Amino acid sequence: MGERFVATPGRLDVVAAAATGTSRAEIQRAIADDRVTVDGRSRPRSFVLQGGETVEVRMAAPEAIVPGGDPVEVRYRDDAFAIVVKPAGVLTHPTTVHRDGTLVHRLLAMGIPLAPAGGPIRPGIVHRLDAGTSGVLLVASTDEAYAALQGMLRRHEVRRRYLALVRGLPAHDDFRVEAPLGRRAGRIVVDRVGGRAAATGVTVRERLARTTLVEATPETGRTHQIRVHLQAVGHPIVGDTRYGGGGDDPHRLGLHRPFLHAWRLDLTHPITGVPVHAEAPLPPDLAEALDRARADQRP
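This structure is a prediction, so every number in the text was calculated from the model and none was measured.

Student: Break down the overall build of the protein for me, with residues and values.
Tutor: From N to C terminus, the protein includes 7 helices and 17 strands. Whereas a compact globule of 299 residues would reach a radius of gyration of roughly 19 Å, the protein reaches 20 Å, a difference of no more than 12%. Principal-axis analysis of the C-alpha atoms places the extent of the protein at approximately 60 × 45 × 35 Å. Here the protein, with 299 residues, has 49% of them falling under the buried criterion. Across the protein, the fraction of contacts at a sequence separation of at least 24, relative to all contacts at a separation of at least 6, is 64%. Put simply, the protein shows about 13900 Å² of open surface, and 50% of that area lies on carbon and sulfur atoms. In the protein, 40 side chains carry a positive charge and 34 a negative one; their mean positions are 5 Å apart.

Here it is in structure tokens:
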């Protein structure tokens, strides 16, 4: 199983992990086993890419996926694709480190076909949600639908809307964050020199005493995009300790993860042309945290 891509600037292991959607530890093992090349040559994990090189990654053959795990909610399903609700704390697909209990395992156990075109460890996965993020997610059942949905995502024809509780009170009710993203020291950061273009629309839904409920609509699909963009404008997501949302807010609200939920998907069916939309209400842990935020009157 191999993947080839044109590199962006940065350390080889960091750039390859971001480009392939695998963990940095997995990439480092692949580099140690001479399964990663830069323009046809093996390089150490600390090799600094200038950008524009051709990187090829050959991952170790994965173990067969054994279906299992609790079922998940299905919001839409036909022969081409499904829209399902990923619970928080569940990985979207297996990795060499996490080999079971993922959304893929659960969907297969439910009898939902997953398109082989996604690859042996990511069958049918059109896009992903972070492990700590809950909400609606697209999975393809056929290779035709997989290719069509991937194309729609690239052309920004799938509208994904998220709810997030952020620290502070934004100055405007509607605004757009446009800031390129890159990796530095293993973190996603705003990188205005070598980063990849990224844009997120933000609309205030409810202003509270110390926090604000917002709707975020990513116009691009970069890793951790919403989380980094909201941090960049001074309003990190409550509970997101990686990107500035720590402090006493999560403890006060009873949060054990970032308050980020993919609540709605809108698209035109790639086969039939019929409009499709699906929603998932806030799960209990986030709904309870929001109630506590509404009751919080401390300055």
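Student: How would you sum up helix α2 (residues 24-32)? Please name residues and give values.
Tutor: Along α2, the residues that are buried comprise E26, I27, A30 and I31. What you see down the axis of α2 is that its buried residues fit within an arc of 140 degrees, all on one side. Residues of α2 that are buried in the fold lie against α1 (12-20), β3 (36-38) and β6 (54-58). Note on α2: the residue one or two positions beyond its end, D34, has a positive phi of about 60 degrees.

Student: Could you give me a rundown of the packing of α1 against α2, with the residues and numbers involved?
Tutor: Between α1 and α2, whose axes approach to 9 Å, the crossing angle comes to 120 degrees. With respect to their mutual orientation, α1 and α2 come out oblique. Both α1 and α2 take part in a crossing whose hand is right-handed. Residue-level inspection shows L12, D13, V14, A16, A17 and T20 of α1 in contact with α2, the latter providing R24, I27, Q28 and I31. Tallied by class, the residues present in the contact of α1 with α2 amount to 6 nonpolar, 2 polar and 2 charged.

Student: Describe unusual backbone geometry, with residues and values.
Tutor: Backbone geometry places H156, a non-glycine residue, at a positive phi of 60 degrees. Turning to its location among the elements, H156 is positioned in the loop between α4 (143-154) and β10 (159-167). Residues other than glycine seldom take positive phi values, yet H224 does so here, at roughly 60 degrees. With respect to the secondary-structure elements, H224 resides in the loop between β15 (211-218) and α5 (225-232).

Student: Go over the side chain of R106 with me, naming the residues and quoting the values.
Tutor: On the secondary structure map, R106 appears in helix α3 (residues 103-109). As a buried residue without a salt bridge, R106 has its nearest oppositely charged side chain in D70, at a separation of 4.9 Å. The contacts of R106, once residues within four sequence positions are left out, are G68, G69, D70, V72, P87, V90 and G101.

Student: Break down the packing of aromatic side chains for me, citing the residues and quoting the values.
Tutor: By convention here, two paired aromatic rings are described through the distance between centres and the angle between planes. What the rule picks out here adds up to 1 aromatic pair. Positioned above the aromatic ring of W263 is the side chain of R205, whose terminal nitrogen or guanidinium carbon lies 5.5 Å from the ring centre.

Student: Provide a residue-level description of the pattern of salt bridges, including the pertinent values.
Tutor: Per the counting criterion, the structure on display carries 25 salt bridges. Between D130 and R227 there is a salt bridge, and its shortest N-O distance comes to 2.9 Å. In this pair, D130 is assigned in the loop between α3 and β9 (134-140) and R227 in helix α5, connecting sequence segments 97 residues apart. The class of D130 is partly exposed, set by a relative accessible area of 25%. As a salt-bridge pair, R210 and D249 come within 3.5 Å of each other at their nearest N and O atoms. Note that R210 is positioned in the loop between β14 (199-207) and β15 and D249 in helix α6 (residues 249-253), a separation of 39 residues in sequence. The partly exposed category is assigned to R210, whose relative accessible area is 23%. By relative accessible area, which is 5% here, D249 ends up buried. Counted as one network, the salt bridges with shared partners bring together R161, R205, E215, R264, D266 and E279.

Student: Can you lay out helix α7 (residues 284-295) for me, pointing to particular residues and giving the numbers?
Tutor: Because the α-helix completes a turn every 3.6 residues, residues three or four places apart line up on one side. Helix length check: α7, at 12 residues, gives a terminal C-alpha distance of 17 Å against a target of 16 Å (1.5 Å per residue), a fit within 8%. Within α7, burial applies to L286, A289, L290 and A293. Down the axis of α7, the buried side of the element spans an arc of 100 degrees, and every buried residue falls inside it. Those residues of α7 that are exposed and angled more than 90 degrees off the buried face are P284 and A295. Each element contacted by the buried residues of α7 is listed here: β9, β10, β15, α6 and β16 (260-268).

Basis of the calculations
- Residues numbered from 1 in each chain as written.
- Predicted model: local features only at pLDDT ≥ 70, side-chain atom pairs only at ≥ 80, totals over all residues.
- Heavy atoms only, no water.
- Helix = DSSP H or I, 4+ residues; strand = E, 2+ residues; numbered from the N terminus.
- Rg over C-alpha atoms; globule rule 2.2 N^0.38 Å.
- Buried < 20%, exposed > 50% of the residue type's maximum accessible area, 1.4 Å probe, protein only.
- Contact = heavy atoms within 4.5 Å.
- Areas by Shrake-Rupley, 256 points an atom, 1.4 Å probe, with all protein chains shown as cover.
- Lys, Arg positive; Asp, Glu negative; His and termini not counted.
- Charge placed at Lys NZ, Arg CZ, Asp CG, Glu CD.
- Arc of directions from axis to C-beta.
- Axes fitted to C-alpha atoms, helices over the stretch in contact; angles between N-to-C directions.
- Parallel < 35°, antiparallel > 145°, perpendicular 65-115°, else oblique.
- Left-handed = near helix turned anticlockwise from the far one by under 90°.
- Nonpolar A, V, L, I, M, F, W, Y, C, P; charged D, E, K, R; others polar.
- Salt bridge = Lys/Arg side-chain N within 4 Å of Asp/Glu carboxyl O.
- Phe/Tyr/Trp six-rings, centres within 6.5 Å; stacked < 30°, edge-to-face > 60°.
- Lys NZ or Arg CZ within 6 Å of the ring centre and 35° of its normal.
- Expected span 1.5 Å × (residues − 1).

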